[in-house]
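Working through the structure, step by step
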Amino acid sequence: NAGVTQTPKFQVLKTGQSMTLQCAQDMNHEYMSWYRQDPGMGLRLIHYSVGAGITDQGEVPNGYNVSRSTTEDFPLRLLSAAPSQTSVYFCASREQGAQETQYFGPGTRLLVL
Amino acid sequence: GIQVEQSPPDLILQEGANSTLRCNFSDSVNNLQWFHQNPWGQLINLFYIPSGTKQNGRLSATTVATERYSLLYISSSQTTDSGVYFCAVSPPGGYNKLIFGAGTRLAVHP
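1. With respect to the sheet that holds strand S3 (residues 19-25) of chain A
Residue and element names in this part refer to chain A. Strand order across the open sheet formed by four strands is S1-S3-S8-S7, with antiparallel pairing between neighbours. Taken across any chain shown, the strands that pair with only one partner, and hence form the sheet edges, are strand S1 (4-7) and strand S7 (64-66). For this sheet, the mean angle separating the axes of adjacent strands, direction not counted, is 20 degrees. Here S3 runs beside strand S8 (residues 76-78); their pairing, made up of three bridges, is antiparallel. Across the sheet, Thr20 pairs through a bridge with Arg77, a residue of S8.

What follows is the structure, given as structure tokens:
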């Protein structure tokens, strides 16, 4: 049971480039989410999904796209990277129900030049 | 939107000391959780505690929802307790959205 996995661990992009951050979980969780963490701040929710085919926006969705074609995978796409998107990105999953334990991936550190 | 404030922002302890971390929130919530981020960045769920008191080993948490605050108690601190502690809440009707505070950074020295 690998839990929540994220790839890559670290990425450098140039302004305007696109990329996809991968997130996968093997716990059959319905709920998955993406957060970004900036220095000295807590996590901010980008997008979330309550099941395959269902996604919704969080606090800071601009500049990011998501899709959920399977229960296991929840990729985050940056269509045209900007320096303001330099951050550490965390993916998380849990079973349905706010009281359920949320499991986080190890994070992806993204630097946009 | 709902505001989450944590105090103190930084805390330094000697091993064995006790501490209390506070989380204030600006509106009613139906979900409150505490998380620990270790020095390597890994995030762990500590408590789901929208109201009442829970204990897990040396850690316990209390939420007084009517007064809009939650407390995290760490007793007999160990160096492995170091890291950042986050409080996160969801507003009524928005339990799928967690709003995080800025965290309390704890350093426990031997």
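Additional details are given in the paragraphs that follow.
2. What to know about the pairing of strand S5 (residues 43-48) of chain B
Strand residues, when the strand is regular, have side chains that alternate between the two faces of the sheet. Residue and element names in this part refer to chain B. Inspection of the sheet shows strand S4 (residues 31-37) paired to S5 by five bridges, in the antiparallel sense. Paired with Gln33 across the strands is Tyr48, a residue of S5. Counted along the chain from S4 to the antiparallel partner S5, the turn is five residues long, and its residue Gly41 has a positive phi close to 95 degrees.

3. Comments concerning the interface of chain B and chain A
Listed per partner, the contact involves 18 residues of chain B and 22 residues of chain A. Both faces combined, the contact of chain B with chain A buries some 1,600 Å², and carbon together with sulfur accounts for 55% of it. When the buried area of chain B at its contact with chain A is split by residue, Leu43, Asn96 and Phe100 of chain B rank highest and sum to 32% of it. On the surface where chain B and chain A come into contact, there are zero salt bridges. For the pair chain B and chain A, the interface holds five residue pairs in polar contact (both at pLDDT 80 or more). Per-element tally for the side of chain B that touches chain A: the top contributor is S4 of chain B, with four residues.

4. Structural notes on the sheet that holds strand S3 (residues 19-25) of chain B
All names here are of chain B. Across the sheet, five strands lie side by side as S1-S3-S8-S7-S6; this open sheet has antiparallel pairing. Where the open sheet ends on each side, the last strands, each with one partner, are strand S1 (4-7) and strand S6 (52-56). Taken over all neighbouring pairs, the strand axes of this sheet differ in orientation by 15 degrees on average, direction set aside. Relative to strand S7 (residues 59-64), S6 runs antiparallel, the two being bridged by five bridges. Looking across to S7, one finds that Asn56 is bridged to Leu59.

5. Quick word on the nonpolar core
By size, the foremost hydrophobic cluster in this structure holds 22 residues, and its most contacted members are Leu21, Leu32, Trp34, Leu72, Cys87, Val89 and Leu106 of chain B. Those elements that place two or more of their residues in this core are strand S2 (10-14), S3, S4, S7, strand S8 (69-74), strand S9 (83-90) and strand S11 (104-109) of chain B. With near-sequence residues (within four places) excluded, Leu21 of chain B lies in contact with Ser7, Leu11, Trp34, Ser70, Leu71, Leu72, Ile74, Tyr85 and Thr104 of chain B. Membership of the second largest hydrophobic core comes to 19 residues, among which are Met27, Trp34, Ile46 and Leu76 of chain A.

6. Thoughts on the environment of Ala82 of chain A
Residues and elements named next belong to chain A. The residue Ala82 is located in the loop between S8 and strand S9 (87-94) in this model. Judged by its relative accessible area of 25%, Ala82 is partly exposed. Once the C-alpha coordinates of Ala82 and Gly16 are considered, the two residues, 66 residues apart in sequence, prove to be 6.5 Å apart.

Conventions adopted
- Residues numbered from 1 in each chain as written.
- Chains lettered and ligands numbered in written order.
- Predicted model: local features only at pLDDT ≥ 70, side-chain atom pairs only at ≥ 80, totals over all residues.
- Heavy atoms only, no water.
- Pairing = 2+ DSSP bridges.
- Helix = DSSP H or I, 4+ residues; strand = E, 2+ residues; numbered from the N terminus.
- Axes fitted to C-alpha atoms, helices over the stretch in contact; angles between N-to-C directions.
- Contact = heavy atoms within 4.5 Å.
- Buried area = accessible area lost by both parts, 1.4 Å probe.
- Salt bridge = Lys/Arg side-chain N within 4 Å of Asp/Glu carboxyl O.
- Polar contact = N/O pair within 3.5 Å; in protein donor to acceptor, adjacent residues only side chain to side chain.
- Core = buried A, V, L, I, M, F, W, Y, C linked by side-chain atoms within 4.5 Å.
- Buried < 20%, exposed > 50% of the residue type's maximum accessible area, 1.4 Å probe, protein only.

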